[in-house]
Amino acid sequence: MEQSKQVFNSALDLIGNTPLIKLNKMATEFKGNYHAKVEAFNPGHSSKDRIALYIIEQAEKQGIIKPGDTIIETTSGNTGFSLAMVSVIKGYDCILAVSSKSSADKIDMLKTMGAKVYVCPANVSADDPRSYYEVAKRLHSEIKGSVYINQYFNQLNLDAHYNSTGPEIWNQTEGQITHLVACSGTGGTISGTAKYLKEQNPNIKIIGVDAYGSVLKKYHETREFDKDEIYPYRIEGLGKNLIPTATDFDVIDKFVKVTDEESAHTAREIALTEGLFVGYTSGAAMQALKQLNEEDYFKPTDKVVVIFPDHGSRYMSKVYSDKWMNDQGFFDSQNEAAAQSIQY
Ligand code: PMP
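This one's a predicted model, so the numbers in the text were calculated from it and none came from an experiment.

1. A closer look at the sheet that holds strand β2 (residues 33–38)
For step 1, the next point in the chain: With mixed pairing, six strands are arranged side by side in an open sheet as β1-β2-β10-β7-β8-β9. Bordering the open sheet on either side are β1 (20–22) and β9 (254–258), each of which pairs with just one other strand. Going from strand to strand, the sheet's axes swing by 25° on average, the running direction of each strand aside.
For step 2, the next point in the chain: One ladder, built from six bridges, connects β2 with strand β10 (residues 303–308); its direction is parallel.

Spelled out as structure tokens, the structure:
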């Protein structure tokens, strides 16, 4: 392999420009060509590095914040970790208000990256002053020189992907992409990327992946908020129980819903076949591709890009734990759980 002197000023220079990797095994039975945009290659191991850096730099440009000021958000997930990472490097305080349902591992990870974590009760309503939304809002109003990222309702989330993920995929496929398949949570990734791609070629089809238990697919089809669609599910980061304004539903052509169980098995299959250790929603996106192929949706000439949003290491106590899989009833038998570990 050609040697290059890769020297960077900080990890921030490594955000974005993630590789597009051909799916060599999982797509052999599918019609068309398939590549994954593997966002785990970001230094914070997820696509959320892009929005963390972009939103903070926009606030700097507008003179809203300068190093020493405070970044506030309400997540224990990937966005929290990316904000904490960018804050450490740029010299901001990072405050994350999280639900008491967040795992100890997640809270430790955020604290390791220097974030101040406010653990707020999970069993109170969103408008209760103790809820993580209200705590974040109050801290934002009290702390001079702070930004509240508010990713579900921030247009800059979409803009971050319009300016990075979209152009990268267009260039990496040399303008040949015909379909984008991406999970929708805040909707920033899918709508920002889609907006850029459709400006280059309006014929590109954009397919969102949603969870059973979330309102997004139904809202896309009817433009009505149907609360009967909402029930608990396990996949984190995918789907939502409200309509995020960071999603532009008009640039999305179709939604596919996936189950917790099939997505979990498919995530494990990606590791075993492609050697890519990616997160639960990557399994969900790949599961959507399987379902689309079952309905014979694609043509042999199609060039499909699927986004794998984050790294598998974040799910060791969930999808990649045999015990967790068993506890969810996702293994057909005890034998399946034990199949890969041989005890002496
Ligand atoms: N996958 C994971 C693991 C995520 O954390 C998120 C973000 N909530 C998504 C997918 C969806 O990305 P977006 O918020 O840009 O729609």
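Having put the structure on the table, let's press on.
2. What about the site of the ligand?
For step 1, the next point in the chain: The full set close to the ligand counts 14 residues, and Lys48, Gly185, Thr186, Thr189 and Thr281 are the nearest of them.
For step 2, the next point in the chain: At a separation of 2.8 Å, an oxygen atom of the ligand approaches a polar side-chain atom of Lys48.
For step 3, the next point in the chain: In this structure, an oxygen atom belonging to the ligand sits 2.6 Å away from a side-chain N or O atom of Thr186.
For step 4, the next point in the chain: Protein contact buries 94% of the 390 Å² of open area that the ligand shows by itself.
For step 5, the next point in the chain: The residue makeup of the shell around the ligand, split by class, is three nonpolar, nine polar and two charged.

3. Here's the deal with the domain arrangement of the protein chain
Where interface size is given, it is often the accessible area lost as the parts come together that is meant.
For step 1, the next point in the chain: Entries for the protein chain in the domain assignment read domain 1 (3–46 + 162–328) and domain 2 (47–148).
For step 2, the next point in the chain: On a C-alpha basis, the centroid separation for the pair domain 1 and domain 2 is 24 Å.
For step 3, the next point in the chain: Domain 1 puts 26 residues into the contact, and the matching count from domain 2 is 16 residues.
For step 4, the next point in the chain: Taken together, the two surfaces of domain 1 and domain 2 that pack against each other cover about 1,500 Å², and 49% of this comes from carbon and sulfur.
For step 5, the next point in the chain: Interface area lost by domain 1 to domain 2 is led by Leu12, Ile15 and Arg314, which between them contribute 36%.
For step 6, the next point in the chain: Linking domain 1 with domain 2 are three salt bridges, by the criterion used here.
For step 7, the next point in the chain: For the salt bridge of Glu236 with Lys106, the shortest nitrogen-to-oxygen distance reads 2.5 Å.
For step 8, the next point in the chain: If you look at where domain 1 meets domain 2, you find 13 residue pairs in polar contact (both at pLDDT 80 or more).

4. Remarks on the UniProt feature "domain: Tryptophan synthase beta chain-like PALP" (unreviewed entry) in the protein chain
For step 1, the next point in the chain: Feature annotation in UniProt places "domain: Tryptophan synthase beta chain-like PALP" (unreviewed entry) on residues 13–310, given in this structure's numbering.
For step 2, the next point in the chain: Strand forms 17% of residues 13–310 and helix 38%; the C-alpha atoms that close the span are 18 Å apart.

5. Re unusual backbone geometry
For step 1, the next point in the chain: The backbone of Asn17 sits at a positive phi, close to 50°, despite the residue not being glycine.
For step 2, the next point in the chain: Assignment of secondary structure puts Asn17 in the segment before β1.
For step 3, the next point in the chain: A relative accessible area of 65% means that Asn17 is categorised as exposed.
For step 4, the next point in the chain: Located in the positive-phi region is Arg223, a residue other than glycine, with phi close to 60°.
For step 5, the next point in the chain: Assignment of secondary structure puts Arg223 in the loop between α8 (216–222) and β9.
For step 6, the next point in the chain: Using a relative accessible area of 37% as the deciding quantity, one classes Arg223 as partly exposed.

6. So, a negative patch on the surface
For step 1, the next point in the chain: A contiguous patch of negative charge, built from Glu261, Glu262, Glu294 and Asp332, is present on the exposed surface.
For step 2, the next point in the chain: Mapped onto the elements of the fold, Glu261 is located in helix α9 (residues 260–274).
For step 3, the next point in the chain: Glu261 sits in the partly exposed class, given a relative accessible area of 30%.

What counts and what doesn't
- Residues numbered from 1 in each chain as written.
- Predicted model: local features only at pLDDT ≥ 70, side-chain atom pairs only at ≥ 80, totals over all residues.
- Heavy atoms only, no water.
- Pairing = 2+ DSSP bridges.
- Helix = DSSP H or I, 4+ residues; strand = E, 2+ residues; numbered from the N terminus.
- Axes fitted to C-alpha atoms, helices over the stretch in contact; angles between N-to-C directions.
- Near = heavy atom within 4 Å.
- Polar contact = N/O pair within 3.5 Å; in protein donor to acceptor, adjacent residues only side chain to side chain.
- Areas by Shrake-Rupley, 256 points an atom, 1.4 Å probe, with all protein chains shown as cover.
- Nonpolar A, V, L, I, M, F, W, Y, C, P; charged D, E, K, R; others polar.
- Domains from an automatic or database assignment.
- Contact = heavy atoms within 4.5 Å.
- Buried area = accessible area lost by both parts, 1.4 Å probe.
- Salt bridge = Lys/Arg side-chain N within 4 Å of Asp/Glu carboxyl O.
- UniProt positions renumbered as here; feature names shortened; annotations may be inferred.
- Buried < 20%, exposed > 50% of the residue type's maximum accessible area, 1.4 Å probe, protein only.
- Patch = residues over 30% accessible without salt bridge, like charges linked within 9 Å, V, L, I, M, F, W, Y side chains within 5 Å.
- Lys, Arg positive; Asp, Glu negative; His and termini not counted.
- Charge placed at Lys NZ, Arg CZ, Asp CG, Glu CD.

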